[in-house]
Amino acid sequence: RVVLNVGGEKFETSRDTLRGWPQSFFGPLVSGQHHVEWEEDGSLFIDRNPEFFPFILEYLRNGNKVILPEKDEIRDALMLEAEYYGLDNLVSRLRRCRLAGS
């Protein structure tokens, strides 16, 4: 079990979920190849807005099966988060939605 403290809100997931994305922000957290500074309570603090993290976590769990938000403003904000986390396929999918809506 891994506890991610995103902007003060805690989210739980499995190491296997994070290992499934080795080229993203998340893979190195659990690979053991990089030094990661865990908090005293065992969580990892990520200085990002927690509002969109449930969607990011759902994407990590289910990949492209996840349903994208309908509103452009939310998709744009989510795209910024996906870029930060290195989720290139999600970024591409969100860009395609943006182009299709233009």
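Residues numbered from 1 in each chain as written. Predicted model: local features only at pLDDT ≥ 70, side-chain atom pairs only at ≥ 80, totals over all residues. Heavy atoms only, no water.

Undergrad: Would you explain the overall build of the chain in this entry?
TA: Counting its secondary structure elements, the chain contains five helices and three strands. For the chain, the N- to C-terminal ordering of α and β elements is β-β-α-α-β-α-α-α. Relative to its length of 102 residues, the chain is compact, with a C-alpha radius of gyration of 14 Å against a globular reference of 13 Å. Each principal axis of the C-alpha distribution contributes one length, and for the chain these read about 45 × 25 × 20 Å. (Helix = DSSP H or I, 4+ residues; strand = E, 2+ residues; numbered from the N terminus. Rg over C-alpha atoms; globule rule 2.2 N^0.38 Å.)

Undergrad: What is the right way to read the sheet that holds strand β3 (residues 44–46) from this model?
TA: Whenever strands of a sheet pair, they do so through backbone hydrogen bonds, lying parallel or antiparallel. Within the open sheet, the three strands sit side by side as β2-β1-β3. Their pairing is mixed. Edge strands, defined here as strands with exactly one partner in the open sheet, are β2 (9–13) and β3. Mean inter-strand twist for the sheet, computed between neighbouring axes without regard to direction, equals 30°. Sheet topology note: the strand β1 (residues 2–6)/β2 ladder contains five bridges and is antiparallel. (Pairing = 2+ DSSP bridges. Axes fitted to C-alpha atoms, helices over the stretch in contact; angles between N-to-C directions.)

Undergrad: Just checking my understanding: could you explain the packing of aromatic side chains for this structure?
TA: Aromatic rings in a pair are described by how distant their centres are and how their planes are angled relative to each other. One pass over the full model with this rule turns up nine aromatic pairs. Between the aromatic rings of phenylalanine 11 and phenylalanine 53, the centroid separation amounts to 5.0 Å while the plane-to-plane angle is 55°, which identifies the pairing as tilted. Remark: phenylalanine 53 occurs in helix α3 (residues 53–62) and phenylalanine 11 occurs in strand β2; sequence separation between them is 42 residues. This pair shows no difference in class: phenylalanine 11 is buried, exactly as phenylalanine 53 is. Measuring from centroid to centroid gives 6.2 Å for phenylalanine 26 and phenylalanine 53, while their planes differ by 55°, and the two rings are tilted. Residue phenylalanine 26 is found in the loop between α1 (15–19) and α2 (27–31), and its partner phenylalanine 53 is found in helix α3; the two are separated by 27 residues along the sequence. Just as phenylalanine 26 is buried, phenylalanine 53 falls in that class too. A network of ring pairs unites the aromatic residues Phe11, Phe25, Phe26, Phe53, Tyr84 and Tyr85 as a single cluster. Over the aromatic face of tyrosine 84 sits the side chain of arginine 48, whose NZ or CZ is 3.9 Å from the ring centroid. (Phe/Tyr/Trp six-rings, centres within 6.5 Å; stacked < 30°, edge-to-face > 60°. Buried < 20%, exposed > 50% of the residue type's maximum accessible area, 1.4 Å probe, protein only. Lys NZ or Arg CZ within 6 Å of the ring centre and 35° of its normal.)

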